[in-house]
Amino acid sequence: MFNRAYLLIFCLLLLTIPQNSWSMGFSVAPAATDLTIKRTHGDHYVSVNRWAAKRDVLFLFFPGTKSRATNYKMICDAAADMGFHAISLQYINDISVNFTCAKFRDLDCYENMRREILFGDDASPHLNVNWPNSAENRLIKLLEYLHNQYPLDGWDQYLDATGAPDWSKMLIAGHSQGGGHAALLGRYYYVAGVIMFASVDFNINRSLAANWVNQESATDIGRYFAAAHTEDRTIPIAAMRSFWNAFGFRQLGPVINIDHTGFPYGNSHTFITSINPARLDRSRSNYHNALCMDADTPVGEDEKPLLLPFWRYLFNAPFQRE
């Protein structure tokens, strides 16, 4: 009897005491949110911590080329544990923007491909994405679905009165191609912040950044952050640094090596690391993925990501620039 009573009390305490690492993650099929979505490419990943103090900000993550939204569970769960609603969005990402546009002299190629992927505009001859399969429609329909399924969680706050995304309530991040989508959305709309992991829109053959990089931005440059791995074999670190300079990061401070400088990382905006990825198969893009992809992000003996303190800095830093 004593053991049962003790167990009951313990369970009640778990229900009443706030937790900081109890994110609830689950997958949602895009077609389950909208029957007109035909090219699914995998499931969305959604994470929320109902015990954490709510930030009323959506952490919206865009996967890299050919990667799946469910490959980025750890970083979404980490954001949820800090009070964010978190979504890794599965969108049409089977064609690389940078590799495709590097073949041409047209520096508008990057923006045109991204506009079609994000909004379904008929803007690029290099792919074919309609409105139902656009990233924006997928996000809208996912938020509507989550509100209907979990009405007490507050997902509807990320849609405005017209049913469009309320970008101002979103901290937008992405890996590789996904980081470019996040950055371009920050150019078009005022957003809470932008985080780019191993991302460029840079024509290596011409040593020039995409034209959109020089556009006036709706989001202040002080809310942008970027990180890269020094051993990246997909995007050379030299090209990454050139892109960062073209983007305007140089005016915000130096590039910080987070292996040698701890929290708060010089309160800077651009960061590098030489951390060993979880997988050391050099035939893979391990270093390119090590900053945020589950399979390659290194973890400690406690199974927590070694980059967790750095992620937490990135989650908070845009809000400290207000």
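Refer to the preceding data block for the structure.
Counting from 1, residues in each chain are numbered in the order their sequence is written. This being a predicted model, a pLDDT of at least 70 is required before a residue's local features are given, and a value of 80 or more before pairs of side-chain atoms are given or counted; all residues contribute to the totals for chains, interfaces and linings. Note that the side-chain values use all heavy atoms of the structure and ignore hydrogens as well as water.

Re the packing of helix H5 (residues 109–119) against helix H7 (residues 177–188)
Axis definition: a line fitted to C-alpha atoms, limited for helices to the stretch in contact. Angles are taken between N-to-C directions and run from 0 to 180 degrees. Each helix corresponds to a stretch of at least 4 residues labelled H or I by DSSP, and each strand to a stretch of at least 2 residues labelled E; elements are numbered beginning at the N terminus. In contact at an axis separation of 10 Å, H5 and H7 are set at 90° when each is read in the N-to-C sense. Considered as vectors, H5 and H7 are oriented roughly perpendicular to each other. Note on element contacts: H7 touches H5 through Gln-177, Gly-180, His-181, Leu-184, Leu-185 and Tyr-188, opposite Glu-111, Arg-114, Arg-115, Ile-117, Leu-118 and Phe-119. Note that Gly is not counted as nonpolar here; it falls among the polar residues with everything else outside the nonpolar set of Ala, Val, Leu, Ile, Met, Phe, Trp, Tyr, Cys and Pro and the charged set of Asp, Glu, Lys and Arg. Its residues assigned to classes, the contact of H5 with H7 comprises six nonpolar, three polar and three charged. Roughly parallel means an angle under 35 degrees; roughly antiparallel means over 145; roughly perpendicular covers 65 to 115; every other angle is labelled oblique. A contact between two residues is defined here by any heavy atoms of the two lying within 4.5 Å.

With respect to the pairing of strand E3 (residues 58–62)
Three exposure classes are used, based on accessible area relative to the maximum for each residue type with a 1.4 Å probe and protein chains only: buried under 20%, partly exposed in between, and exposed over 50%. Within E3, five of the five residues are buried, which leaves the element mostly enclosed by the surrounding structure. Alternating residues of E3 divide into Leu-58, Leu-60 and Phe-62 and Phe-59 and Phe-61, and every residue in both groups is buried. Strands pair, by our definition, only if DSSP identifies at least two bridges between them. Where E3 meets strand E4 (residues 85–88), four bridges bridge the pair, whose relative direction is parallel. Residue pairing in the sheet places Phe-59 in a bridge with Ala-86 of E4. Two elements, E3 and strand E5 (residues 170–175), share five bridges in a ladder whose sense is parallel. Each bridged residue has a counterpart across the sheet, and for Phe-61 the counterpart in E5 is Ala-173.

Points about the sheet that holds strand E6 (residues 193–197)
What the nine strands build is an open sheet, ordered E1-E2-E4-E3-E5-E6-E9-E11-E10; its pairing is mixed. The open sheet has two edge strands with one neighbour each: strand E1 (24–28) and strand E10 (255–257). Along the sheet, successive strands turn relative to each other by an average axial angle of 20°, direction set aside. The pairing of E5 with E6 spans five bridges and is classified as parallel. Looking at E6, one finds that Ala-173 is bridged to Ile-195.

Points about the environment of Asp-77
By the element assignment, Asp-77 lies in helix H3 (residues 73–81). Sequence separation of Asp-77 and Val-46 is 31 residues, and the distance between their C-alpha atoms is 8.6 Å.

Some remarks on the environment of Gln-251
Inspection of the secondary structure puts Gln-251 in the loop between helix H8 (237–247) and E10. Side-chain polar atoms of Gln-251 contact the backbone oxygen of Gly-248, separated by 3.1 Å. Within 3.5 Å is the distance limit for a polar contact, defined as a pair of N or O atoms, with the added protein rule that one can donate a hydrogen and the other accept it, and that residues adjacent in sequence qualify only through two side-chain atoms.

Re the state of the cysteines
A pair of cysteine sulfur atoms is labelled a disulfide when the two atoms are within 2.5 Å. Summed over the entire model, instances satisfying the criterion amount to one disulfide. The partner cysteine of Cys-101 in its disulfide is Cys-109, sulfur to sulfur 2.1 Å. Linking Cys-101 and Cys-109, the disulfide has an S-S dihedral of approximately -75° and is accordingly described as left-handed. Cys-109 carries the same exposure label as Cys-101, and that label is buried.

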